[in-house]
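# A look at the structure
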Amino acid sequence: MIQIPRGTQDILPGTVEKWQWIEQTAKEVCRTYNYSEIRTPIFEHTELFQRGVGDTTDIVQKEMYTFEDRGGRSLTLRPEGTASVVRSYVENKMYGDPNQPVKLFYTGPMFRYERPQAGRFRQFVQFGVEAIGSEDPAIDAEVISIVMTIFKKLGLKNIQLVINSLGDKESRLAHREALIQHFKPRIGEFCADCQNRLDKNPLRILDCKKDRDHELMKTAPSILDYLTEPSRKFFDKVQFYLKELGIEFIVDPTLVRGLDYYHHTAFEVMSNAEGFGAITTLCGGGRYNGLVQDLGGPEMPGIGFAFSIERLLQALEAEKVELSVERGLDCFLVSLGEEAKDYSVKLLQELRHAGIRADKDYQDRKMKAQLKQADRLGARFAAILGEDELKKQVVVLKQMETGEQREVPIDRLVSELKEI
Ligand code: HAM
């Protein structure tokens, strides 16, 4: 038997409704914030992620599904959405649109070759938002507000917003030097990756999964001590707006994020729910002021976030939130005898075309078994049609929950059900 690949999952009926509910809720919130959907390809040129996400990140170094196509091009299944959205912004010259910032959202599968565990998959579905083209700290607060609104709307309570600033180029350079001075004398005690990162990108050391318990990690210089005046002001303003919006947060100077493109605001939403598991990050995001330029566009700043539906569902489960997902049927047609059975084919079509969720038996079941099936399918009504009913041109409409039943003329069935 061929099994599903490690780190992937089938989402079956019964669960898929929860996914749809989450996606629907998120899309509706985005609409109220005036964000439009964008769809980009599942694979891109490998170079996009090397340049966009960053050569020294775990994602690019270890986690990409990269392959050569038959034309000898190196392609990669997207590990995240931001690089693709920014590529599309540049390629489609969206920077020329007078309506800046361009506000976009997306949802779709992402791929990372990670060690699968609870909340960590090799294929996972992200819902993300990007606002490109504005330097206003109020847009940072707006973007953060979107994800907080989505999570609250879905019923999550035990969540915590954590923010930090990674500063502008100058702040980052000063911090970089301080990090090198801090780690250099004892870099031999760190893993090979971190030794490599010391000169290339010492910030990545702070994000290392292997060395995270090393004592030097706790005493590492904080970026907040190296912020330039404009960066400090920008961060203050973001916090001011968050307070204005009534969004609670804590500042964590050790929050660095695992992707290279961030400047200024970086944030994560964590779950504090008991039993959520070891990975507590539900959502990650931040500002990427150099990315549009790095990908060949003009100097245009951007900010966004992404969360995976897998992790969100896990948090909802940990908090025991019941999503009000709809399943079931409006009407199940029960037919007895050849003639009624034939008649029911067309009647069923009429119900469906009138927008009523309806089904019938296709297994030649007896009446009792058909009613049982109606029950199993969660039908609100059963419309019973036997030979006698057919002669009288009526159906027996049975309310499944109460068992109450009454005769309804066949030509009134649609309007009766619609009324109810
Ligand atoms: P990220 O932190 O790499 O950021 O991922 C964002 C979210 O995707 C995580 O918080 C988590 O919910 C989910 N996620 C990541 N990896 C996995 C996995 N292996 N299994 C399940 N869920 C996962 C980004 O991807 C950035 N593009 C976010 C962003 C948008 N920044 C600015 N704009």
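Residues numbered from 1 in each chain as written. Predicted model: local features only at pLDDT ≥ 70, side-chain atom pairs only at ≥ 80, totals over all residues. Heavy atoms only, no water.

All right, on to the UniProt feature "binding site: L-histidine" (unreviewed entry) in the protein chain then. Feature annotation in UniProt assigns "binding site: L-histidine" (unreviewed entry) to the following positions: Glu-80, Gly-81, Thr-82, Arg-112, Gln-126, Glu-130, Arg-257, Tyr-261 and Tyr-262. Within the secondary structure layout, Glu-80 lies in the loop between strand E4 (74-77) and helix H4 (82-91). Glu-80 gets classed as buried once you look at its relative accessible area, which sits at 2%. Glu-80 has contacts with Phe-49, Val-53, Met-110, Arg-112, Gln-126, Leu-259 and Tyr-261, leaving out every residue within four places of it along the chain. Only 3.2 Å separates the side chain of Glu-80 from the backbone nitrogen of Thr-82, close enough to count as a polar contact. (UniProt positions renumbered as here; feature names shortened; annotations may be inferred. Helix = DSSP H or I, 4+ residues; strand = E, 2+ residues; numbered from the N terminus. Buried < 20%, exposed > 50% of the residue type's maximum accessible area, 1.4 Å probe, protein only. Contact = heavy atoms within 4.5 Å. Polar contact = N/O pair within 3.5 Å; in protein donor to acceptor, adjacent residues only side chain to side chain.)

On to the nonpolar core. Core analysis: the biggest nonpolar cluster contains 50 residues, and Phe-151, Leu-161 and Phe-307 have the highest contact counts within it. Residue contributions to this core peak at 10 residues, all from helix H5 (residues 137-154). Apart from residues no more than four positions distant in its own chain, Leu-161 is found in contact with Ile-144, Met-148, Leu-242, Ile-247, Glu-248, Phe-249, Ile-250, Phe-267, Glu-268 and Val-269. Counting 32 residues, the second largest nonpolar core, distinct from the first, contains Val-60, Val-90, Met-94 and Val-292. (Core = buried A, V, L, I, M, F, W, Y, C linked by side-chain atoms within 4.5 Å.)

Of the residues making up helix H7 (residues 192-200), those classed as buried are Asp-193, Cys-194, Arg-197 and Leu-198. Taken down its axis, H7 places every buried residue within 150° of arc, on the same side. Facing away from the buried side of H7 by more than 90 degrees, the exposed set consists of Ala-192, Asn-196 and Lys-200. If you follow the buried residues of H7, they end up packed against helix H3 (58-62) and helix H6 (169-183). (Arc of directions from axis to C-beta.)

Next up on the list: the pairing of strand E15 (residues 394-399). Of all 6 residues making up E15, 5 are buried, and the element is well covered by its neighbours. Here 5 bridges tie E15 to strand E16 (residues 405-409), and the two strands are oriented antiparallel to one another. Looking at E16, one finds that Leu-397 is bridged to Arg-406. Counting the residues that bridge the hairpin from E15 to E16 gives 5 residues, and of these Gly-403 lies at a positive phi of roughly 85°. (Pairing = 2+ DSSP bridges.)

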